[in-house]
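One-letter residues, chain by chain:
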Amino acid sequence: MAAALQHLARLSEPEAGGAGLTANQWTALRYFAEANRFSRTVSGFAAYNATTRGTASQTVKALVAQGYVSRTRLDRDARSARIDVTDAGRRQLAADPAQALTKALARLPASLRGQLDRAVERLTGWVAAARGQNAFGTCDACRYLQGGANATARAGGAYCRMVAAYLDGHDMRGLCALYVPAGAR
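Attention in this report is confined to the structure presented alongside it. All values reported here derive from a predicted model rather than from experimental measurement. (Residues numbered from 1 in each chain as written. Predicted model: local features only at pLDDT ≥ 70, side-chain atom pairs only at ≥ 80, totals over all residues. Heavy atoms only, no water.)

Topic: the overall build of the chain
Applicable threshold: Runs of E in the DSSP output that reach at least two residues are strands. Runs of H or I that reach at least four are helices, and both are numbered from the N terminus. Each residue is placed in one exposure class: buried if its accessible area under a 1.4 Å probe, protein chains only, is under 20% of its type's maximum, exposed if it is over 50%, and partly exposed if it falls in between. The contact definition used throughout considers only heavy atoms, calling two residues in contact when any of these lie within 4.5 Å. Here the open area of atoms and residues is found with the Shrake-Rupley method and a 1.4 Å probe, where only the protein chains shown may cover a residue.
Helices and strands together make up the secondary structure of the chain, namely 8 helices and 5 strands. Start at the N end of the chain and walk to the C end: the helices and strands fall as α-α-α-α-β-β-α-α-α-β-β-β-α. Looking at the 185 residues of the chain, the share that counts as buried comes to 32%. Considering only intrachain contacts with a sequence separation of at least 6, the fraction spanning at least 24 residues in the chain is 51%. Of the roughly 11,300 Å² that the chain leaves accessible, carbon and sulfur atoms contribute 54%.

What to know about helix H2 (residues 23–34)
Note on helix geometry: an α-helix contains 3.6 residues per turn, so any two residues three or four positions apart are oriented the same way. The following threshold applies: For a helix, the expected span equals 1.5 Å multiplied by the residue count minus one.
The end-to-end C-alpha distance of H2, which contains 12 residues, comes to 17 Å, matching closely the 16 Å that a straight helix rising 1.5 Å per residue would cover. By the burial criterion, the buried members of H2 are Gln25, Trp26, Thr27, Ala28, Leu29, Arg30, Tyr31 and Phe32.

Quick look at the sheet that holds strand E4 (residues 158–160)
Let me state the cut-off plainly: Strands qualify as paired when DSSP identifies two bridges or more between them.
Read across the open sheet, the 3 strands follow the order E3-E4-E5; overall the sheet is antiparallel. Two strands close off the open sheet at either side, each with one partner strand: strand E3 (145–146) and strand E5 (165–167). Of the strand pairs in this sheet, E4 and E5 are connected by 3 bridges, and their pairing is antiparallel. Paired with Tyr159 across the two strands is Tyr166, which belongs to E5.

Focus: the environment of Ala46
As for its position among the elements, Ala46 is in helix H3 (residues 42–48). Separated by 11 residues in sequence, Ala46 and Ser57 place their C-alpha atoms 8.2 Å apart.

A word on the nonpolar core
As a reminder, the rule being used: By convention a nonpolar core is built from buried Ala, Val, Leu, Ile, Met, Phe, Trp, Tyr and Cys residues, the set being connected through side-chain atoms within 4.5 Å.
Ranked by internal contacts, the top residues of the largest apolar core, which has 21 residues, are Leu29, Tyr31 and Phe32. Counting only elements with at least two residues in this core, the list comes to H2, H3, helix H4 (53–65) and strand E2 (77–85). Leave out the neighbours within four places in its chain, and Leu29 touches Leu21, Leu63, Tyr68, Val69, Val85, Gly89, Gln92 and Leu93. Grouped together as the second largest cluster of nonpolar side chains are 8 residues, Leu145, Cys160, Ala165 and Leu167 included.

What follows is the structure, encoded as structure tokens:
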């Protein structure tokens, strides 16, 4: 089954240089579009992509040069920058070769998609733990969430104890580099 999953992942990636982006650049562009504001950093992408910060930085530099992402220095740390997808990057994502996989997943019955989602989350967590890396997830299932997954409907929204900040809807749905499953110790 591992070989089948690896094959599926490779099928969903573009051929080398597809649409002017390497597979790694596509991965970065998708990551920055899906990550919450606390995780849209070079370090966050490096952890997500299981690569070095230097390699991740070169990937981000290429995307900045092509106009697909922008860098904004963070006030709290002059060495860090938040990476945001530009309008050009969003247009590029509209032609993402991985859409074939997204469409195939949408064809699965909802119950099977839910089971697959939970299975992939567990597998990702186990493999990340075995490699001593973080498992990425969303705030609604994180141990640092205070106020519950439905708190964004209330004034002030949910609160992340890890970053000591209130979360908006995008933060709640976005990938987080600081994620720790709620049941983890």
